[in-house]
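Architecture and fold: a report
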Amino acid sequence: MDFGFTKEEALLQKMAREFAEKHIEPLAEKIDQENEVPKEILEGLAELELFGVPFPEKYGGADGGYAGYVLAVEQIARCSSGVGMIMSAHTLSVGAIGVFGTEDQKKKYMPPCCQGKQIASFAFTEPGTGSDPKQITSTAVKDGDSYILNGTKRFISNANFPGPIVIFARESESNEITAFIVDKFCEGYSISEPWKKMGMHGGPLLDVYLKDVRVPAENVLGQIGQGYPILQMGISFGKVGVSSCALGGMLAAYEEALKYAKEKTHRGAPIAKFQAIQLRIADLAMKYEASRWLTYRLGYLADNVKNPAVFAKEAALTKTVVCENSADVARISLDVHGSYGAMEDYKISRLYRDAIMGPQIEGVTDMQKMIISGVILKG
Amino acid sequence: MNIVVAMKQIPDLQQVRIRNRQPVFEDVPYTLGNIDKNALEAGVALKEALDAKLIVVSAGNEELEDTIKEALAAGADEAYLVIDDSLDNIASDTSATLIAAAIKKIDDVGIILFGEGSGDNYSGQVASRVAEILELPEVGYAKEIELNGQSLRVTRSLEESEELVEVELPTVITVVSEINEARIPAVTQILKAGKKPKEVVSPHELEIAIGSVQVTTLSNLAPETDRKQIVVKSVDELVKALTTEGLIGR
Ligand SMILES: Cc1cc2nc3c(=O)[nH]c(=O)nc-3n(C[C@H](O)[C@H](O)[C@H](O)COP(=O)(O)OP(=O)(O)OC[C@H]3O[C@@H](n4cnc5c(N)ncnc54)[C@H](O)[C@@H]3O)c2cc1C
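From a predicted model like this one, the values you see are computed outputs, not experimental measurements. (Residues numbered from 1 in each chain as written. Chains lettered and ligands numbered in written order. Predicted model: local features only at pLDDT ≥ 70, side-chain atom pairs only at ≥ 80, totals over all residues. Heavy atoms only, no water.)

Let's shift gears to the overall build of chain B. Within chain B, the regular secondary structure consists of 7 helices and 13 strands. Principal axes of the C-alpha set define a box for chain B whose edges measure 65 × 45 × 40 Å. Here the analysis covers contacts within chain B between residues at least 6 apart in sequence; of these, 68% occur between residues at least 24 apart. Element-wise, carbon and sulfur atoms account for 45% of the exposed surface of chain B, whose accessible area totals about 14000 Å². (Helix = DSSP H or I, 4+ residues; strand = E, 2+ residues; numbered from the N terminus. Contact = heavy atoms within 4.5 Å. Areas by Shrake-Rupley, 256 points an atom, 1.4 Å probe, with all protein chains shown as cover.)

Spelled out as structure tokens, the structure:
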């Protein structure tokens, strides 16, 4: 067992870190205030091929695997969770097309997405359901060679960017959940104003309204009625990105605590001299190290999925530990800062708002635990 | 034409910690010097303009085969490496002898680029020594390189002035960091770096004997930075304090 990086992995990590420090960090406050990621950052990510890290070159990807992807997203999210979330939701959706799409679908949709010319979305949540996709009420009614989609999707990442969106709806003949690839901004597609989230600003979150959206039958992703396994598998891959995002935010919060503990003085000595601070630093290090290796391992597992149920369990487990740790780390780091941490002038207050959201995304922690124990108890 | 960029493998300085004023190199990965990366970037621009091949030349220990991928990812087409574990900590004259010998093995070299000094020792000698061995002109401290037919117009950044010179090829040029911003390589460039052609030779194959180390480092200490803890109550006082310290208004 070798836990070191190859030179290529180390360089990939370094490249993402350098880009993030140079081009994202100086704008991170602005992104937080304006809830929008400047175009130049998205163009920069595209230029470095960071929108297609895990996908085959044949479809425009960089062939860096999910193992490479986790390293990149961690470094990007270290400077902005919002930018990390754009990458994560996008990669989740492109990945679903990659796994379940026909050759034609892959050739049509993957290259512009991998090149960052388009940014993809994945839509299952509705006003009435998030954790329980079986209760999806959006409809798809067959009409000749097409399906007519109607419904409302809630909290959809990247819904404002042009590109494909994978939509889950109940197909009327089979009465089963089915996945469709839809071009955003086609006729009948509209979006709400962006939600004002407490954190992860810049990662756009909107409701999507589908009003008689006509989708050709060739845009069914997988088979009619196969939507549920696609959703499960897609979200499992999505948890690779969400974990990496949470990890990046955690690293930033950990670094802020270390910096503050050494800088802030009390009666002439840095507060790092206090045992209470030292114990917190140890907690931060333990949580970060545990999360880091789980996340990197999940990247490796995503490149080598053998049994989807086992992968779903590992993804749920990693996502839960990492997102909960990330929220804990932000809280502990804020404590190290004392009252200053509660001031918007201090970076930790933003990191805290970002981190606290992780456990709510792509299935809340309670639901992850149901998945984990479900697979374990089934044997 | 071939353009050569000489780059040095050094410890990643961002990861070097200082303990008891001594640098700690334990677990610090190798990288290439920052100014060397500017030289490489200048090489990439010239290569594109001249439709030339860009070859990175380096001498170092066995880690170099891995470290050099950084240059291959950032635009070098090939690498020519002199590798031996005795080359871990060599003096500038030995480096220059090895690099000059390596460059002699490459045909049709028109431009040889260096950083003005290496990221670790910064002795700034190797380029001049190589130019001397190869009997080539050297233009130091380039902040701008412009093609002018078969020659180059180089703006040199000197302490108090700039100098514009014209030089015929082949030539040795050292660059300063202001010359450009080194690019960040994209994912596939990184992943494919290891597949680019690479020639590895030993000093012995170049018929160069590595003598015993002629330079012994007696002491290498980080400067002490004691905080002066001067409290000022107004901007005027601050200006006065800084002037007294000789930091402004010189
Ligand atoms: C930043 C962000 C980005 C997002 N991006 C997307 C996106 O791109 N696409 C998308 O489709 N959605 C997206 N979402 C939505 C998100 O995935 C859902 O909100 C999430 O799955 C939870 O669903 P819900 O809010 O409806 O919670 P609910 O399902 O209503 O759950 C609420 C609570 O009830 C409990 N609960 C519910 N059911 C059970 C049960 N069976 N057993 C035990 N407890 C239960 C849970 O503990 C939970 O705490 C995003 C959300 C955020 C915050």
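After that view of the structure, there is still more to cover.
Bringing the packing of helix 7 (residues 227–263) of chain A against helix 9 (residues 308–337) of chain A into the picture now. The description of two packed helices rests on the angle between their axes and on the distance between the axes. Residue and element names in this part refer to chain A. The N-to-C vectors of helix 7 and helix 9 enclose an angle of 20°; their axes lie 8 Å apart at closest approach. The pairing of helix 7 with helix 9 is recorded here as roughly parallel in orientation. Where helix 7 crosses over helix 9, the handedness of that crossing is left-handed. Tallied by class, the residues present in the contact of helix 7 with helix 9 amount to 22 nonpolar, 8 polar and 3 charged. (Axes fitted to C-alpha atoms, helices over the stretch in contact; angles between N-to-C directions. Parallel < 35°, antiparallel > 145°, perpendicular 65-115°, else oblique. Left-handed = near helix turned anticlockwise from the far one by under 90°. Nonpolar A, V, L, I, M, F, W, Y, C, P; charged D, E, K, R; others polar.)

All names here are of chain B. Judged by pairing direction, the sheet is mixed, and its 9 strands sit side by side in the order 11-10-9-12-8-1-6-7-13 without closing on themselves. Looking at the sheet topology across the chains shown, the edges are occupied by strand 11 (162–168) and strand 13 (198–201). Averaged over neighbouring strand pairs, the angle between their axes works out to 30° when direction is ignored. Pairing geometry for strand 7 (residues 78–83) and strand 13, over 4 bridges, is parallel. Looking at the pairing, V82 lines up with V201 of strand 13. Strand contacts of helix 4 (residues 92–104): strand 1 (2–6), strand 6 (53–60), strand 7 and strand 8 (109–115), with the helix running at about 145° to strand 6, the strand carrying the most contacts. On the sheet, helix 5 (residues 126–134) packs against strand 8, strand 9 (138–148) and strand 12 (171–175) and is oriented at approximately 155° with respect to strand 8. (Pairing = 2+ DSSP bridges.)

Of the residues lining the interface, 20 residues belong to chain B; the matching set on chain A comes to 19 residues. Summed over both partners, the interface of chain B with chain A comes to about 1600 Å²; 61% of that surface belongs to carbon and sulfur atoms. Per-residue buried area on chain B facing chain A is highest for I184(B), V187(B) and I190(B); these three make up 40% of the total on that side. Between the two partners, chain B and chain A, sit 5 salt bridges. For K69(B), the salt bridge identified is with E8(A), shortest N-O distance 3.0 Å. Applying the counting rule to chain B against chain A returns 9 residue pairs in polar contact (both at pLDDT 80 or more). The element contributing the most residues to the side of chain B that touches chain A is helix 6 (residues 187–193) of chain B, with 6 residues. Considering only residue class, the side of chain B that touches chain A consists of 8 nonpolar, 5 polar and 7 charged. (Buried area = accessible area lost by both parts, 1.4 Å probe. Salt bridge = Lys/Arg side-chain N within 4 Å of Asp/Glu carboxyl O. Polar contact = N/O pair within 3.5 Å; in protein donor to acceptor, adjacent residues only side chain to side chain.)

Here we come to the UniProt feature "domain: Electron transfer flavoprotein alpha/beta-subunit N-terminal" (unreviewed entry) in chain B. UniProt's feature table lists "domain: Electron transfer flavoprotein alpha/beta-subunit N-terminal" (unreviewed entry) at residues 20–210 of chain B, given in the numbering used throughout. Span residues 20–210 of chain B is 29% helix and 32% strand, its end C-alpha atoms 33 Å apart. (UniProt positions renumbered as here; feature names shortened; annotations may be inferred.)

All right, on to the site of the ligand then. Residues and elements named next belong to chain A. Taken together, 19 residues surround the ligand, and among them F122, T125, S131, F155 and D366 come closest. Within the contact set of the ligand, a nitrogen atom lies 2.9 Å away from a side-chain nitrogen or oxygen of S157. When contributions to the shell around the ligand are tallied by element, the ones reaching two or more residues are strand 1 (121–123), strand 3 (146–157) and helix 11 (365–378). At 3 residues, the largest contribution of residues to the shell around the ligand is made by strand 3. (Near = heavy atom within 4 Å.)

All right, on to unusual backbone geometry then. A negative phi angle is the norm for most residues apart from glycine, just as the trans form is the norm for most peptide bonds. Residue and element names in this part refer to chain B. That bond from L169 to P170 is cis: its omega, -5°, falls within 30 degrees of zero. Looking at the element boundaries, P170 is found in the loop between strand 11 and strand 12. Notably, R21 is not glycine yet its phi reads approximately 65°, a positive angle. In this structure, R21 sits in the loop between strand 3 (17–19) and strand 4 (22–24). Residue R21 is classed as partly exposed on the basis of its relative accessible area, which comes to 32%. (Buried < 20%, exposed > 50% of the residue type's maximum accessible area, 1.4 Å probe, protein only.)

Looking now at the pattern of salt bridges. Any two side chains of opposite charge can pair if their charged atoms end up close together. Scanning the entire structure with this criterion turns up 37 salt bridges over all chains. Across the salt bridge formed by E70(B) and K14(A), the nearest N and O atoms sit 2.9 Å from each other. In this pair, E70(B) sits in helix 3 (residues 69–73) while K14(A) sits in helix 1 (residues 7–24), so the two residues belong to two different chains. Close ionic contact of K259(A) with E256(A) constitutes a salt bridge, the shortest N to O distance being 3.4 Å. Residue K259(A) and its partner E256(A) are located together in helix 7, separated by 3 residues, close to a single helical turn.

Our next topic: the packing of aromatic side chains. Residue and element names in this part refer to chain A. Here the structure, examined in full by the defined rule, presents 15 aromatic pairs over all chains. Pairing F122 with F124 gives two aromatic rings, centres 6.3 Å apart and planes at 70°, and the pair type is edge-to-face. Like F124, F122 is buried. Taken together through their ring pairs, the aromatic side chains of F55, Y66, Y69, F237 and F311 make up a single cluster. It is K134 that lies over the ring of Y228; its NZ or CZ is 4.7 Å from the centre. (Phe/Tyr/Trp six-rings, centres within 6.5 Å; stacked < 30°, edge-to-face > 60°. Lys NZ or Arg CZ within 6 Å of the ring centre and 35° of its normal.)

All right, on to helix 1 (residues 34–50) of chain B then. Residues and elements named next belong to chain B. In a regular helix each residue adds 1.5 Å, so 17 residues correspond to 24 Å; helix 1 covers 24 Å between its end C-alpha atoms and thus fits that length. For helix 1, a buried count of 12 out of 17 residues is recorded, marking the element as mostly surrounded by other parts of the structure. Regarding helix 1, the residues found buried are I35, D36, K37, N38, A39, L40, E41, A42, G43, V44, L46 and K47. One or two residues past the end of helix 1 sits D51, with phi positive at roughly 55°. (Expected span 1.5 Å × (residues − 1).)

Looking now at the domain arrangement of chain A. Residues and elements named next belong to chain A. Structurally, chain A comprises domain 1 (7–114), domain 2 (121–221) and domain 3 (227–378). Computed from C-alpha atoms alone, the centre-to-centre distance between domain 1 and domain 2 is 23 Å. Counting residues at the interface gives 22 residues for domain 1, matched by 20 residues for domain 2. Interface area for domain 1 against domain 2, summed over the two sides, is near 1700 Å², with a carbon-plus-sulfur share of 64%. Contact with domain 2 buries surface across domain 1, with N35, Q105 and Y109 losing the most and accounting together for 31% of the total. Connecting domain 1 to domain 2 are 0 salt bridges. Taken together, the connections running from domain 1 to domain 2 amount to 7 residue pairs in polar contact (both at pLDDT 80 or more). (Domains from an automatic or database assignment.)

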